[in-house]
Amino acid sequence: MPEITTEPTPIHTMDAGTLAAAIRDRQVTAVQAVTAYLERIERYNHLLGAIVSPGPARLRSEALARAAAADEAQARGEVLGPLHGVPFTVKDTLAVVGYPTTAGSMVLKDYIPEATATVIARILAAGAIFLGKANCSEFAVDTHAGNLLFGDSRNPLDTTRTPGGSSGGDAVAVAAGLSAFGIGTDFGGSVRWPAHCTGTLSMRPTIGLLPGTGILPYDTTAPIAPPNSSSVLHRYMTAGPITRSVDDLELLVRIMAGPDGLDAQTAPVTVPSSKTIDISTLSVAWCAGEGTVPIRSDVVAALSAAAGKLTPSVASVREQRPPRLNEAAGLFLELRDAEGLPEVAKAIHQAQAEQADIAVTPGILAYLDSVEATLTNQSASDALTHLLAATARRDAVYTAVSTFLNDHPILLLPVASVTAPLIGTTSEQFDGAVVPWSQLGSSCRAISILALPSAVIPIGHGENGMPIGIQVIGRRFHDHEVLAVARELERLS
């Protein structure tokens, strides 16, 4: 009988942990790993618009130089980090010293930070090899990764469709095999929606688990300062990974977690191993959305089927929406608009003072004009009263949902109403409803304003063949429980 042989797993399809292990075991060198990704970048990036800087020549030479240095360190017997030799991308809102960090905006096209965001510095210290900056929507405020500076990113599964946003460039890079993983940011769904659109995985950790130092927008005329803890944007925004496996989500979150001495919001907690969790003790609830925006029937069916598959593995599964969850997405918008993204407005106004006709996405200007008009017509006292009242309602909703999660520690929700839409459309029609793009991710916004951890895991495909991801949500600082259930769904899918 002839010997049965198997082809080796292509490097560009390995998850980060697997690739790091292969490099440690000398099955693959860091130079071979980087070269495999560079070949795919050179072949596909111009079609997909995932990586926007540095230019191709600098990207290749510097990535290969870092890989060669990694191999030399290994040859000398140096202690290797858990990501030694693994190539990755960084969303263009996260500072990397010496590289343009533009937030996809003409306003910041010449900005080169003098320091690196804390979470990225920790990834680099773990041995990962920086490839380049990934595309995003301008100032990370839109649901599609496209902007006037770099153009559109395109979904590698169907280039007529969005890869989501704002961290869409990283999702494209991971889905298309241009990067082993990406580090994005998430305010209202910006790592969760792209993962859903591209069939990748992502995680928005508990707010306060990862330091936010070095995430735009911040004052670029001074050294990188800690995030403003009174800002709604910075209070509910976090970095988060986009990957090919739950194991990678856990690895990356654990590497990035912990205080940096700068971000006052970061808690001094560690992330326990999810493999210590006995999920048979966990009760799971699920519901077809946060309660105010309809969800397409094929997305609901996929969510229901995934919940059903979990039944033998967990203590119980029931369809039930947490009390007052239907108020959360509206409060996200109310609190955001009560401030009006002042950090974004300041950056644009400063640029306009120097160049009046500088190009800015029209939708951003319209939003800022609308909010500024509203705030101008309010007294400072009235504006503060409104903000405090909305914050108090948010806290009451958090208490109601948190109490529910004490009995049902895991909640499954859709990521969005539909699968990845066509680029250029502004609304989706389905099941007799018309839903604007701006409302498709309401189930993500609801979880954002509650500061809860949420992992996205692909569980099937929609009626148009595009991926469907769901949110696995848990209690604050119980990210390990979220990861444990996400891993079981990964196994079952």
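Details of the structure are given in the entry above.
Residues numbered from 1 in each chain as written. Predicted model: local features only at pLDDT ≥ 70, side-chain atom pairs only at ≥ 80, totals over all residues. Heavy atoms only, no water.

### Digging into the layout of surface pockets
Within this model, the largest pocket holds a volume of roughly 1100 Å³. Mapped by element, the contributors of at least two residues to the lining of the largest pocket are β4 (146–147), β5 (151–152), α10 (328–339), α12 (362–376) and α14 (442–450). Here the lining of the largest pocket gets four residues from one element, more than from any other, and that element is α12. Among the residues making up the lining of the largest pocket, the classes are represented as 21 nonpolar, 20 polar and five charged. For the second largest pocket, the calculated volume is near 630 Å³. In this structure, the second largest pocket is lined by 26 residues; those nearest its centre are Leu108, Thr220, Thr221, Ala347 and Gln350. For the lining of the second largest pocket, the leading source of residues is helix α11 (residues 342–354), giving six residues. (1 Å grid on protein atoms, 1.4 Å probe; cavity = no way out; pocket = protein on both sides within 12 Å on 5 of 7 lines; lining within 4 Å. Points joined across faces, edges and corners; volume = space filled by probe spheres on them. Helix = DSSP H or I, 4+ residues; strand = E, 2+ residues; numbered from the N terminus. Nonpolar A, V, L, I, M, F, W, Y, C, P; charged D, E, K, R; others polar.)

### Things to note about the state of the cysteines
Under the counting rule described, the total for this entry stands at zero disulfides. Counting only cysteine sulfurs, Cys444 is the nearest neighbor of Cys197, a cysteine outside any disulfide, at a range of 9.9 Å. Residue Cys197 is classed as buried on the basis of its relative accessible area, which comes to 0%. (Disulfide = S-S within 2.5 Å. Buried < 20%, exposed > 50% of the residue type's maximum accessible area, 1.4 Å probe, protein only.)

### So, α11
Its 13 residues give α11 an end-to-end C-alpha distance of 19 Å, which sits within 8% of 18 Å, the value for a rise of 1.5 Å per residue. Among the residues of α11, Glu343, Val344, Ala345, Ala347, Ile348 and Ala351 are the ones counted as buried. (Expected span 1.5 Å × (residues − 1).)

### Concerning the packing of helix α2 (residues 30–48) against helix α3 (residues 56–75)
Remark: α2 packs on α3, axes separated minimally by 8 Å, with the N-to-C direction vectors making an angle of 165°. What the angle tells us is that α2 and α3 run roughly antiparallel. When you trace α2 past α3, the crossing you get is right-handed. Within the contact between the two elements, α2 uses Ala30, Val31, Val34, Thr35, Leu38, Ile41 and Glu42 and α3 uses Leu59, Arg60, Ala63, Leu64, Ala67, Ala68, Ala70 and Asp71. Taken together, the residues that form the contact of α2 with α3 break down as 11 nonpolar, one polar and three charged. (Axes fitted to C-alpha atoms, helices over the stretch in contact; angles between N-to-C directions. Parallel < 35°, antiparallel > 145°, perpendicular 65-115°, else oblique. Left-handed = near helix turned anticlockwise from the far one by under 90°. Contact = heavy atoms within 4.5 Å.)

### A short note on the nonpolar core
When a protein is soluble and globular, its nonpolar side chains tend to lie buried together. If you look at the biggest cluster of nonpolar residues, it comprises 130 residues, and the most contacted ones within it are Ile123, Phe181, Leu325 and Leu412. Among residues more than four places away in sequence, those in contact with Phe181 are Ala16, Leu83, Val86, Pro87, Phe88, Thr89, Ile123, Ala128, Val174, Ile242, Thr243 and Leu252. Counting residues in hydrophobic clusters, the runner-up holds 16 residues, among them Cys197, Val293, Ala420 and Ala433. (Core = buried A, V, L, I, M, F, W, Y, C linked by side-chain atoms within 4.5 Å.)

### Comments concerning unusual backbone geometry
Following Ser53, the chain continues into Pro54 via a peptide bond in cis, with omega recorded as -5°. Relative to the assigned elements, Pro54 resides in the loop between β1 (51–53) and α3. The backbone phi angle of Arg324 is positive, close to 70°, even though this residue is not glycine. If you trace the backbone, Arg324 turns up in the loop between β10 (316–319) and α10. What makes Arg324 partly exposed here is its relative accessible area of 32%. Backbone geometry places Phe477, a non-glycine residue, at a positive phi of 60°.

### Concerning the side chain of Thr118
With respect to the helices and strands, Thr118 occurs in helix α4 (residues 118–125). What Thr118 contacts, discounting residues up to four positions off in sequence, is Pro211, Thr213 and Asp260.

### Structural notes on empty space enclosed by the protein
Think of a ball as big as a water molecule: rolled over the atoms, this probe shows where empty space is left. Under the criterion given, the structure shown has two cavities of 30 Å³ or more. In terms of lining residues, the largest cavity is bounded by Ile207, Gly208, Leu210, Pro211, Gly212, Ile215, Pro227, His234, Met237, Thr238, Asp263 and Gln265. Counted by class, the lining of the largest cavity contains six nonpolar, five polar and one charged residues. The calculated volume of the second largest cavity comes to roughly 30 Å³. Lining the second largest cavity, in full, are Gly212, Thr213, Gly214, Ile215, Pro217, Tyr218, Ala225, Pro226, Pro227 and His234. Looking at the lining of the second largest cavity residue by residue, the classes come out as six nonpolar, four polar and no charged.

### Concerning the packing of aromatic side chains
Throughout the structure, instances matching the rule amount to five aromatic pairs. Measuring from ring centre to ring centre gives 5.0 Å for Phe88 and Phe181, while their planes differ by 15°; the resulting arrangement is stacked. With Phe88 in strand β2 (residues 87–91) and Phe181 in strand β6 (residues 181–186), this residue pair connects regions lying 93 residues apart in the sequence. Taken individually, Phe88 and Phe181 each receive the classification buried, so the pair is uniform in this respect. On the basis of an interplanar angle of 70° and a centroid distance of 4.9 Å, the ring pair of Tyr99 and Phe130 is categorised as edge-to-face. (Phe/Tyr/Trp six-rings, centres within 6.5 Å; stacked < 30°, edge-to-face > 60°.)

### Structural notes on the pairing of β6
β6 sits mainly inside the fold: six of its six residues count as buried. Where burial is concerned, the two faces of β6 agree: the one with Phe181, Ile183 and Thr185 and the one with Gly182, Gly184 and Asp186 are both buried. Here three bridges tie β2 to β6, and the two strands are oriented parallel to one another. Along β6, the bridge assignment pairs Val90 with Ile183. The sheet contact formed by β6 and strand β8 (residues 238–243) spans five bridges and is antiparallel. Pairing of Thr185 across the sheet is with Ala239, part of β8. (Pairing = 2+ DSSP bridges.)

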